[in-house]
Amino acid sequence: SKSMPHFRQWVFFLEHMVFGGIIHSGYLQKQGGKWKSWKKRWFHLDRNMSLLHYYETETLKLWKGCIDLAGVTRIQKGSKDSVHSSGNKEFTIELRTEERVWVLAGHSAHEQTEWMQKLSQVISEHRSRSRT
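Predicted, not measured: the structure shown is a model, and the values here were computed from it.

Peer 1: Residues and numbers for the sheet that holds strand E5 (residues 74-77), please.
Peer 2: What the seven strands build is an open sheet, ordered E4-E3-E2-E1-E7-E6-E5; its pairing is antiparallel. Lying at the two open borders of the sheet, with one neighbouring strand each, are strand E4 (63-68) and E5. Each strand of the sheet is rotated relative to its neighbour by a mean of 35 degrees, with strand direction disregarded. Judged from the five bridges that link them, strand E2 (residues 38-46) and strand E3 (residues 51-55) form a sheet pairing that is antiparallel. When the bridges of E3 are listed, Phe 43 appears paired with Tyr 54.

Peer 1: Residue-level account of the nonpolar core, with values.
Peer 2: Grouped together as the largest cluster of nonpolar side chains are 17 residues, with contacts concentrated most on Leu 52, Leu 69, Leu 95, Trp 115 and Leu 119. Secondary structure elements with two or more residues in this core: E2, E3, strand E6 (92-96), strand E7 (101-105) and helix H2 (109-131). Per-element accounting of this core gives the leading share, five residues, to H2. Residue contacts for Leu 119: discarding those within four places in its chain leaves Leu 45, Leu 52, Leu 69, Ile 75, Ile 93 and Leu 95.

Peer 1: Explain the environment of Tyr 54 residue by residue, including any values.
Peer 2: Structurally, the position occupied by Tyr 54 is in strand E3. Considering only alpha carbons, one finds Tyr 54 and Arg 41, 13 residues apart in sequence, at a separation of 6.1 Å. Not counting chain neighbours up to four residues away, the residues in contact with Tyr 54 comprise Lys 30, Arg 41, Trp 42, Phe 43, Trp 63, Lys 64, Gly 65, Cys 66, Ile 67 and Trp 102.

Peer 1: Any details on the packing of aromatic side chains? Residues and values, ideally.
Peer 2: Scanning the model with the defined rule gives four aromatic pairs in all. Between the aromatic rings of Tyr 27 and Trp 42, the centroid separation amounts to 5.0 Å while the plane-to-plane angle is 80 degrees, which identifies the pairing as edge-to-face. With Tyr 27 in strand E1 (residues 22-31) and Trp 42 in strand E2, this pair connects stretches of sequence that are 15 residues apart. One aromatic cluster is present, formed by Phe 43, Tyr 54, Trp 102 and Trp 115 through successive ring pairs.

Peer 1: Explain the side chain of His 53 to me, using residue names and the numbers behind them.
Peer 2: Looking at where His 53 falls in the secondary structure, it is placed in strand E3. Excluding anything up to four places from it in sequence, His 53 contacts Trp 42, Phe 43, His 44, Asp 46, Trp 63, Gly 65 and Cys 66.

Peer 1: Describe the pairing of E2, and please don't skip the residues or the numbers.
Peer 2: For E2, a buried count of seven out of nine residues is recorded, marking the element as mostly surrounded by other parts of the structure. Direction of pairing for E1 relative to E2: antiparallel, over a ladder of nine bridges. Bridge pairing links Ser 25 to His 44 in E2. The turn joining E1 and E2, which pair antiparallel and follow one another in sequence, is formed by six residues.

Reading the values: the criteria
Residue positions are given per chain, counted from 1 along the sequence in the order it is written. In keeping with the model being predicted, local features are shown solely for residues with a pLDDT of at least 70 and side-chain atom pairs are shown and tallied solely at 80 or more, while totals for entire chains, interfaces and linings include all residues. The side-chain values count all of the structure's non-hydrogen atoms but skip hydrogen atoms and water molecules. DSSP bridges decide pairing: two strands pair if at least two such bridges lie between them. Helix and strand assignments come from DSSP, with helices taken as H or I runs of at least 4 residues and strands as E runs of at least 2, each series counted from the N terminus. An axis is simply a line fitted to the C-alpha atoms; with a helix, the fit covers only the stretch in contact. Between two such axes, the angle follows the N-to-C directions and lies from 0 to 180 degrees. What we call a nonpolar core is a set of buried Ala, Val, Leu, Ile, Met, Phe, Trp, Tyr and Cys residues that are connected through their side-chain atoms within 4.5 Å. Remark: exposure states derive from per-residue accessible area (1.4 Å probe, protein chains only) relative to the maximum for the residue type, with buried under 20%, exposed over 50%, and partly exposed in between. Contact definition: two residues touch when any of their heavy atoms are within 4.5 Å. Under the pairing criterion, centres of Phe, Tyr and Trp rings, with the six-membered ring standing for Trp, must be within 6.5 Å; the plane angle then separates stacked pairs below 30 degrees from edge-to-face pairs above 60, leaving the rest tilted.

Structural measurements only, silent on function.
This is how it looks when you write it as structure tokens:
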């Protein structure tokens with residue numbers, strides 16, 4: 001049946017919400033890796049897996065990818081002058097890994113700060129778990 005995968009996604013989503021995996025979600029703009037265009041994506045921050053999943057929309061029908069926060073070596077607020085932000089987004093967040101610099105943009109300074117805090121929390125929790 002066509003609705004079965006959709007149902008499974010909702011069960012997965014609800015389990016993660018109820019059992020504490022997903023601690024934050026919402027829309028952000030994401031800059032492409034090869035092409036520097038911006039796409040609006042729905043993000044889920046998974047604390048247990050140290051992953052930032054992103055989907056085309058909040059319906060979760062089309063999973064587009066994820067960022068492994070365990071590989072993030074640096075997180076910082078971007079600036080309009082930053083090489084990575086291409087100068088046209090104000091509230092950017094840069095996640096640096098060995099492979100690339102992920103650039104995300106919020107719609108407001110509040111949103112940028114909130115995502116920065118949540119991401120930093122998950123990254124530092126992962127680092128402290130890795131050391132023990």
